[in-house]
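Architecture and fold: a report
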Amino acid sequence: MNYNLLNDNQLKAVKHIEGPLLILAGAGSGKTSTMTNRIAYMLELGINPYNILAVTFTNKAANEMKNRVYDLAGENRGLWIMTFHALCLRILRYHSELVGYKAGFVVYDENDKKTALRSVIKNNGLDDKIYSVAYLNKVISDCKEKGMSPADYLKENGDYDIRSKKVYIAYKAYRELLKKNNAMDFDDLLLNCVKLLEENDDVLEYYQNRFRYIMVDEYQDTNYLQYKLIKYLADGYRNLCVVGDDDQCIYEWRGADIRNILDFEKDFPDALTIKLEENYRSDNNILDLANSVIKNNIGRKKKVLWSQKDRGDKITYARLDDEKAEARYIASEILNLKERGYEYKEIAILYRKNILSRSFEECFPHYNIPYRVLAGSRYYDKKEIKDMLSYMRLIENPDDDFAFERVINEPKRGIGKKALEKIKDWAEANGTNCLNALKSQEVLDSLSSKSRGLAIEFTEMIDEISCQLENITLEDIYDNLLVRTGYLSALENQNTIEAETRMENIMEFKSVIANFKGSMDEFNPDEDLRKNRTELGLFLENITLTAEIDNHDEKENAVVLMTMHSAKGLEFPVVFIPGMENGVFPGNNSFDNDKLEEERRLCYVGITRAKKKLYLTSAAERMLYGRRDYMRESLFLEEMDKNLMDGDRIDKEGHNKYRRLQDGYSGEVAAKPFDALKYAKTTIKNKVFNNEDINMGDRVKHEKFGEGLVIETDAKTITIIFDKFGRKKIGKGFVKLEKVGE
DNA sequence: GACATATCTAAAGCC
DNA sequence: TAGATATGTC
């Protein structure tokens, strides 16, 4: 093999395969090629692929690694290169009974989880104002990530506390509900897998013996459970290589623990640490800008990216009048770039919040700019797709009562709220699922004769298709469902444009199925995996474990729009970062110190996506949530080295109109804060001030927004012009306001 | 039970 | 603003 393309440190990492290894890989430092070469090197040494495990966070990363190993070694069969969740799922499939699940268990995604939580809240008579779906979701997820059971939670938070008691009840009920539906959520995959290894020495020994060489990508983003899982698996042979960059830890909010990477050398005192600091991606101006921002973070492993490349172009910063002007400016700049030879697909717009995509979606069609927005999992969020998926899930797993609930009256079968309650009660009383309940004479008798007929038809159809599962293809199951459920004809009868679109989506979904089957044959020749599984089961699993970003087609010639979070691991010749404003980036909820550091890391990630050209923009005014606010420039802009930036500005029509960055904002922009008074009003609800004697004219300090001037008070609210954020109206709550002057 | 109207609230989203 | 959910009405 040819290792000439690697630098010294990369080569050292590739060849160090025995014992623990920490690779600190800065952005764009050739991390993936180091990892893939390392695997190829192991194969070359004759190490059995069966003994190698590489874990990533995204399917995209896993697929890329598989492909690149194939390119290097001509082979990738037998290697386990997959995401944490896929790994756990695969292990659990073989041992589900050991963690108390039935063999065909399904995986619930975020939406299913919320549905389950809603029913938990309802069934336990919890106040959904206090114990909201979002709150419980967060608390339960946090618990699971730390490996805490409901009882552990109660112990830690005190059983005298009413709140923790209620959370305990909800958590426990949620867990039982999922088990009853024979379902695991994403956290359960990890939790149960760790539990499996913890409680079964023989299983642990088997996997330790199997995975003699383990690699973990994006190690800075691992949470406690992932850390523990890896530790268990690696404990046998201790050939563990973790790769990461503490400066790119941007997922603390969902449990990532940056200490995992910072403390790796403590966990493995004999670990070799290799730093990859040479960047092969970006021009030096871009790198220096990134360095000038990230150096403001304390508590990081010091590392300075450098590159042999040219200085390159300066970073362009433009402050525009509002979000529309910002979109027009970026659109016209894209057209300029196009004229200079850039392709649309080389250009990305990376923002902090998904709503920021709106102005571009409205603007770009006028400029004939092709674009693709990558956000969450919107395709599967469509009602008709969810419905069809629920039908499929019910067939695969009759215990899935949520799937049942979703489809039993879709299309209408005259089984509404009341009838559904009856079905659920009967199922509860008889210890079975809803589908079985609907077959019982008692339930059928309680329905009207018309509904009864439809109900019988429904259960017979589900049973029949379930029986055929082994014999007919996935496509046929889908077609069968479309027709026999009456879903398609119900849409046809509607004769509306909306129904038309839904039908198109339903048809389009067929190609998703076809694609799945194609990729199944191509990428997963592993017979083992398919054993005892239905095609349908594999398909559903695949959908749940796939994210929108995985479907990003790099060949499509379109400008791509996504959040900076999604962009991690990607690179583009041209990057635009709009919304460089306090309140947007860093976001309003990030103004305490550790959160700010994470935002700064995100900023670092955003900047380092760019290879040749980087544009930053901000809007003086922005419409957010139906409100127009005056926006201050991001504090990250202040941290950036101005020598690397170009201060030319463009007015709202997109034509040249010079304003200098160094001048501050004289003239029209400086006047904005006063104009903005009539627009800007932000209400923070349910807050109480600690200090009651605050009056008009006082200067106060807010724990999040910093200092400002009080211009209005009444019984419930106080209005302040903050130095950094402009005017905000604050309601009563537990926020500390400190008087700092009169 | 189906449909219409009122109310609320708002990040990031890997798997 | 807009979407999701809760409540009210026929």
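All of the points below concern the structure found in this document. Since this is a predicted model, take the numbers as computed values, not measurements.

1. Considerations on the protein's contact with DNA strand C
- Arg-118, Asp-128, Arg-358, Tyr-625 and Gly-626 make up every residue found near DNA strand C.
- Among all atoms of DNA strand C positioned within 4 Å of the protein, those belonging to sugar or phosphate total 42%.
- The contact in question runs from a phosphate oxygen of DNA strand C to an N or O atom on the side chain of Arg-358, over 3.4 Å.

2. Examining the pattern of salt bridges
- Under the definition given, this model contains 43 salt bridges.
- In this structure, the salt-bridge partner of Asp-288 is Arg-311, at a minimum N-O distance of 2.3 Å. Taken together, the residues span a long stretch of sequence, with Asp-288 in helix α14 (residues 284-294) and Arg-311 in the loop between α14 and β9 (315-322) at a distance of 23 residues.
- Relative accessible area serves as the criterion here: at 43%, Arg-311 is assigned to the partly exposed category.
- For Asp-387, the salt bridge is made with Arg-406, and the minimal N-O distance between the two is 2.9 Å. Residue Asp-387 is found in helix α18 (residues 383-396), and its partner Arg-406 is found in helix α19 (residues 401-407); the two are separated by 19 residues along the sequence.
- The exposure class assigned to Asp-387 is buried, which follows from its relative accessible area of 1%.
- Each of Lys-31, Asp-217, Glu-218, Asp-221 and Lys-568 takes part in salt bridges that share partners, so that together they form one network.

3. Considering helix α11 (residues 224-234)
- What α11 keeps buried is the set Leu-225, Gln-226, Tyr-227, Leu-229, Ile-230, Leu-233 and Ala-234.
- Structurally, the start of α11 carries an N-cap: the backbone nitrogen of Leu-225 is 3.1 Å from a side-chain oxygen of Asn-223.

4. Let's talk about the nonpolar core
- In this structure, Phe-364, Leu-616 and Met-640 are the most contacted members of the largest nonpolar core, which totals 117 residues.
- Dropping the residues within four chain positions of it, Leu-616 is found in contact with Leu-289, Ile-315, Thr-316, Tyr-317, Ala-318, Ile-577, Met-580, Leu-637, Met-640 and Met-645.
- The next biggest cluster of nonpolar side chains, apart from the first, holds 51 residues, and it includes Leu-394, Ala-403, Phe-404 and Ala-419.

5. Digging into helix α28 (residues 535-544)
- Burial analysis of α28 places 8 of its 10 residues in the buried class, the great majority of the element.
- Within the span of α28, buried status applies to Leu-536, Gly-537, Leu-538, Phe-539, Leu-540, Glu-541, Ile-543 and Thr-544.

6. Structural notes on the packing of helix α1 (residues 8-15) against helix α2 (residues 31-44)
- The interhelical angle for the contact between α1 and α2, taken along N-to-C directions, is 40 degrees, at an axis separation of 8 Å. As far as their axial angle goes, α2 and α1 are oblique. Classified by chirality, the crossing of α2 by α1 is right-handed. For the pair formed by α1 and α2, the contact residues are Gln-10, Ala-13, Val-14 and Lys-15 on the first element and Thr-34, Asn-37, Arg-38 and Tyr-41 on the second.

7. Section: the packing of aromatic side chains
- The final tally for this structure, using the stated rule, is 19 aromatic pairs.
- Ring plane angle 65 degrees and centroid distance 6.0 Å describe the contact between Tyr-101 and Phe-105, whose orientation is recorded as edge-to-face.
- For Tyr-101, a relative accessible area of 8% puts it in the buried group.
- Given the relative accessible area of 0%, Phe-105 is considered buried.
- The interplanar angle of 80 degrees and the centroid separation of 6.0 Å between the aromatic rings of Phe-404 and Phe-458 together place this pair among those described as edge-to-face. Pair noted here: Phe-404 is in helix α19 and Phe-458 is in helix α23 (residues 449-468), with a separation of 54 residues, a long-range link. Take Phe-404 and Phe-458: they sit in the same class, and that class is buried.
- Aromatic rings pair up to connect Trp-80, Tyr-206, Tyr-207 and Phe-211 into one cluster.
- One cation-aromatic arrangement involves Arg-210 over Tyr-50; the distance from NZ or CZ to the ring centre is 3.7 Å.
- Between the NZ or CZ atom of Arg-254 and the centre of the ring of Tyr-251, over which it lies, the distance is 3.4 Å.

8. Considering the pairing of strand β2 (residues 52-56)
- Most of β2 is tucked away: 5 of the 5 residues are buried.
- Because side chains alternate across β2, one face comprises the buried residues Ile-52, Ala-54 and Thr-56, and the other comprises Leu-53 and Val-55, equally buried.
- Bridge analysis of β2 against strand β6 (residues 213-216) gives 4 bridges, and the strand direction is parallel. Note that in β6 the partner of Ala-54 across the bridge is Met-215.
- Pairing geometry for β2 and strand β3 (residues 80-83), over 4 bridges, is parallel. Bridge assignment links Leu-53 to a residue of β3, and that residue is Trp-80.
- In this region the chain leaves β2, passes through helix α3 (residues 59-73) and returns to the parallel neighbour β3; the handedness of that crossover is right-handed.

9. Description of the sheet that holds strand β7 (residues 240-244)
- Strand order in the open sheet formed by 6 strands is β3-β2-β6-β7-β1-β8, and the pairing between neighbours is parallel. Either end of the sheet is taken by a strand with one partner, and the two such strands are β3 and β8 (272-276). Averaged over neighbouring strand pairs, the angle between their axes works out to 15 degrees when direction is ignored.
- The sheet contacts of α2 involve β1 (21-25), β2, β3, β6, β7 and β8, and relative to β6 the element is tilted by about 170 degrees.

10. Structural notes on the side chain of Thr-316
- Relative to the helices and strands, Thr-316 is located in strand β9.
- Since its relative accessible area comes to 14%, Thr-316 is described here as buried.
- Residues in contact with Thr-316, not counting those within four places in the same chain, are Tyr-329, Leu-614, Tyr-615, Leu-616 and Asp-646.

11. Looking at the pairing of strand β13 (residues 572-577)
- Counted residue by residue, β13 has 6 buried out of 6 residues, so it is predominantly covered.
- Note: strand β10 (residues 347-351) against β13, 3 bridges, orientation parallel. Note on β13: the bridge partner recorded for Ile-347 is Val-574.

12. Some words on the packing of α2 against α3
- In the contact formed by α2 and α3, the axes pass within 9 Å of each other and the chain directions differ by 50 degrees. Accordingly, the angle class assigned to the pair α2 and α3 is oblique. The two elements α2 and α3 meet at a crossing, and its hand is right-handed. On the side of α2, the interface is formed by Thr-32, Ser-33, Met-35, Thr-36, Asn-37, Ile-39, Ala-40 and Leu-43, while α3 contributes Glu-64, Met-65, Arg-68, Val-69, Leu-72 and Ala-73.
- Considering only residue class, the contact of α2 with α3 consists of 8 nonpolar, 4 polar and 2 charged.

13. Section: the environment of Ile-52
- Relative to the helices and strands, Ile-52 is located in strand β2.
- A relative accessible area of 1% means that Ile-52 is categorised as buried.
- When the C-alpha positions of Ile-52 and Tyr-135 are compared, they lie 39 Å apart, and in sequence the two are 83 residues distant.
- Not counting chain neighbours up to four residues away, the residues in contact with Ile-52 comprise Met-42, Leu-43, Ile-47, Leu-79, Trp-80 and Tyr-213.

Thresholds applied
- Residues numbered from 1 in each chain as written.
- Chains lettered and ligands numbered in written order.
- Predicted model: local features only at pLDDT ≥ 70, side-chain atom pairs only at ≥ 80, totals over all residues.
- Heavy atoms only, no water.
- Near = heavy atom within 4 Å.
- Polar contact = N/O pair within 3.5 Å; in protein donor to acceptor, adjacent residues only side chain to side chain.
- Salt bridge = Lys/Arg side-chain N within 4 Å of Asp/Glu carboxyl O.
- Helix = DSSP H or I, 4+ residues; strand = E, 2+ residues; numbered from the N terminus.
- Buried < 20%, exposed > 50% of the residue type's maximum accessible area, 1.4 Å probe, protein only.
- Core = buried A, V, L, I, M, F, W, Y, C linked by side-chain atoms within 4.5 Å.
- Contact = heavy atoms within 4.5 Å.
- Axes fitted to C-alpha atoms, helices over the stretch in contact; angles between N-to-C directions.
- Parallel < 35°, antiparallel > 145°, perpendicular 65-115°, else oblique.
- Left-handed = near helix turned anticlockwise from the far one by under 90°.
- Phe/Tyr/Trp six-rings, centres within 6.5 Å; stacked < 30°, edge-to-face > 60°.
- Lys NZ or Arg CZ within 6 Å of the ring centre and 35° of its normal.
- Pairing = 2+ DSSP bridges.
- Right-handed = clockwise from strand over helix to strand, strands pointing away.
- Nonpolar A, V, L, I, M, F, W, Y, C, P; charged D, E, K, R; others polar.

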